[in-house]
Amino acid sequence: MTGTLSLRRKATNAIMLSATGVCTLLAVGFLFFILGYLLLQGGKDLSLDFFTKLPVPESETGGGMANALAGSAKVLLLATLLGVPIGFLAGVYLAEYGAVGFSSVVRFVTDLLNGVPSIVMGIFVYTLIVLRMKHFSAFAGGVALGIMMIPIALRSTEEFLRAVPDSLREGAMALGASKWKTVATVVIPAAVRGILSGMMLNLARVAGETAPLLFTALGNFYWSPGWNQPIATLPVMIYNYAISPYADQHRQAWAAGFVLLALVLVVNITARSIVASGLHKAR
Amino acid sequence: MASSASRTENTRPRRVSRFLTRARGVEAVAHGVAFLAASTIVAITALLVFELWINSALSRHKFGWDFLFTSTWDPISGQFGALPFIFGTVVTSALALLISVPLGVGAAIFLAELAPPKISDALTFCIELLAAVPSVIYGLIGIFVLIPALQTIVPPLKSVFGFLPIFSGPFYGVSIFSAGIVLAVMVVPFIISVSREILLAVPRDLREAALALGATRWESTWDVVVPFAKTGIVGSIFLSLARALGETMAVTMVIGNTPRIQASLLAPGYSIAAVIANEFREAAGDLYTSSLIELGLVLFALTIVINGAARLLILATTGKAAS
């Protein structure tokens, strides 16, 4: 009796433990499948033209997405200039200055903002900027992505500042440094590695965002000088080409997907290794 | 001469006090700037709610609560009901959870309880990269890989299970079912990484006590560790649910964009996020736009509630482990 029972328990143990291993393999398998497939499909379709030429009309084949690459860079630059300072300074406020009541309000609201679906962010910026300016623009796209960057910028800044030991702050203060001097010259430099990598992850995250750009930056088949015109971006281009009926546009979509995924993953891996090497050093 | 003498006399105290006031000034400015940034976030969020509320006024006044419970979506006659979209959003998300929860929790158990730390870290790194893949890429894979694959897999399945209403009707590839699968793959990384963190926070003694009493590895995990972490794991599931509800691109690309409520999972459907993505730009007329914005408001409210619940549940567990 006990023999069979323990056999059953042993079998359950072995079966369930292997099942969890299979789950893990499946999940990791998805990543390698996506990577492999894009590498194969997108790498095959990638050419120099992709980086140097403008899109061509549907009836023709060839062309590239030079304008969308530049457009994404431009929109992301504006997003960074807007989202990072606000998030960073607010993070400094929460970690170093915050009054208890107001801090919890800010934290709550930041979580709320972080949970806003990206398409809703698109609507918000549309009503806020596009409706008032009466046209789609690179500016509106940058603002939409910039607002999306704020919550993560805040959270990573606060988290890494809090990880700085209090003894550093006390040491600086004991030497006569004022509060802001302590924060600016001792605390922030001690956390800069983590904060920087947090910002990189943040940028990589919004770089792939499509929904907030659909009716803010819109899209463009040509170059878009200045900030006041609709602008092409890589993710929106992928979307438009993927749902089009033309095989040559599908080919371009795969190539663009490959470039986007490669950029996102390279930034991710770099940022994570920055943090990891920092931890290693600290030990 | 006299003035110079008086200056030397007063130099020290005056310099010190000037330094102090300046330092206090800089201090106040630094504090003020940081405070301003924090306030900006509150202001932006308030503005977001305000804009959604004001700009959906037309639709809210015209349809009232009926908006949520009627299923006619007819821009030409000006009738707008959100039910087909709410249905599509909820069903695709539920389907996604049905697939991703066992998979995600299983993998989290493996990573937290079984795998050696080095291997666990390496695999978790891969999982986190999976979470970083942009949603439009999932859409791309969905259209060109998943849907053709489903078109070959589903017909034989249909011949067996076709008598069930949820598998009835023709299958075109784009469907609620396809959207659910894509969403499942998209949210799995979130369930895994949050659940793993929560499992790792469960005190070691609990495992050791169970093992010492003769429990197998699986029994100590499933009967002791997992129940302890249950609330937090449910929290991670809610977190993923909120993501699935708001997910736009990948769903838009595979759901079929048909505003009808049908029993069959194999039928095309529509989701809130997808209809906004597809129709907002072309919406002619204030009522049409306003209705789409009200859909945005509904989606916003839905994700806020789910996110809030998730956060409370996760806090409840991590707090328990700490005490």
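Residues numbered from 1 in each chain as written. Chains lettered and ligands numbered in written order. Predicted model: local features only at pLDDT ≥ 70, side-chain atom pairs only at ≥ 80, totals over all residues. Heavy atoms only, no water.

**Description of the overall build of chain B**
Scanning chain B from terminus to terminus reveals twelve helices and two strands. The secondary structure elements of chain B, listed N-terminal to C-terminal, are α-α-α-β-β-α-α-α-α-α-α-α-α-α. The globule rule puts the C-alpha radius of gyration for 323 residues at 20 Å, and the 28 Å found for chain B is more than 25% above it. Considered along the principal axes of its C-alpha atoms, chain B spans approximately 110 × 70 × 35 Å. For chain B, with 323 residues in total, the buried portion stands at 51%. Looking at chain B alone, contacts between residues at least 24 apart form 74% of all its contacts between residues at least 6 apart. Across chain B, the 21 positively charged side chains and the 18 negatively charged ones have centroids separated by 13 Å. (Helix = DSSP H or I, 4+ residues; strand = E, 2+ residues; numbered from the N terminus. Rg over C-alpha atoms; globule rule 2.2 N^0.38 Å. Buried < 20%, exposed > 50% of the residue type's maximum accessible area, 1.4 Å probe, protein only. Contact = heavy atoms within 4.5 Å. Lys, Arg positive; Asp, Glu negative; His and termini not counted. Charge placed at Lys NZ, Arg CZ, Asp CG, Glu CD.)

**Digging into the overall build of chain A**
A count of helices and strands for chain A gives ten helices and zero strands. Seen in sequence order, chain A has helices and strands lined up from the N terminus as α-α-α-α-α-α-α-α-α-α. For 283 residues, the compact-globule formula gives about 19 Å, and the C-alpha radius of gyration of chain A, at 24 Å, lies well above that figure. In chain A, which comprises 283 residues, the proportion classed as buried is 50%. Approximately 12600 Å² of chain A is accessible, and the part contributed by carbon and sulfur atoms is 70%. Treating the 20 positive side-chain charges of chain A as one cloud and the 12 negative ones as another, the clouds have centres 9 Å apart. (Areas by Shrake-Rupley, 256 points an atom, 1.4 Å probe, with all protein chains shown as cover.)

**A word on the environment of A:D49**
As for its position among the elements, A:D49 is in helix α2 (residues 48-52). Setting aside anything within four residues of it in sequence, one finds A:D49 in contact with A:G63 and A:G64.

**Observations regarding the nonpolar core**
Membership of the largest hydrophobic core comes to 164 residues, with the highest contact counts inside it found for A:I34, A:I119, A:F215, B:W73, B:Y138, B:I276 and B:L295. Residue contacts for B:L295: discarding those within four places in its chain leaves B:F67, B:W73, B:A82, B:F85, B:I272, B:V275 and B:I276. Core analysis: the next-biggest nonpolar cluster, separate from the first, contains 21 residues, B:L97, B:V105, B:A229 and B:A242 among them. (Core = buried A, V, L, I, M, F, W, Y, C linked by side-chain atoms within 4.5 Å.)

**Description of the domain arrangement of chain B**
Residues and elements named next belong to chain B. The domain architecture assigned to chain B consists of domain 1 (2-55) and domain 2 (63-322). Between domain 1 and domain 2, the residue contacts involve five residues of the former and four residues of the latter. Seen at the junction of domain 1 and domain 2, the total is zero salt bridges. Where domain 1 meets domain 2, there are zero residue pairs in polar contact (both at pLDDT 80 or more). Here the side of domain 1 that touches domain 2 is built from residues that sort into four nonpolar, one polar and no charged. (Domains from an automatic or database assignment. Salt bridge = Lys/Arg side-chain N within 4 Å of Asp/Glu carboxyl O. Polar contact = N/O pair within 3.5 Å; in protein donor to acceptor, adjacent residues only side chain to side chain. Nonpolar A, V, L, I, M, F, W, Y, C, P; charged D, E, K, R; others polar.)

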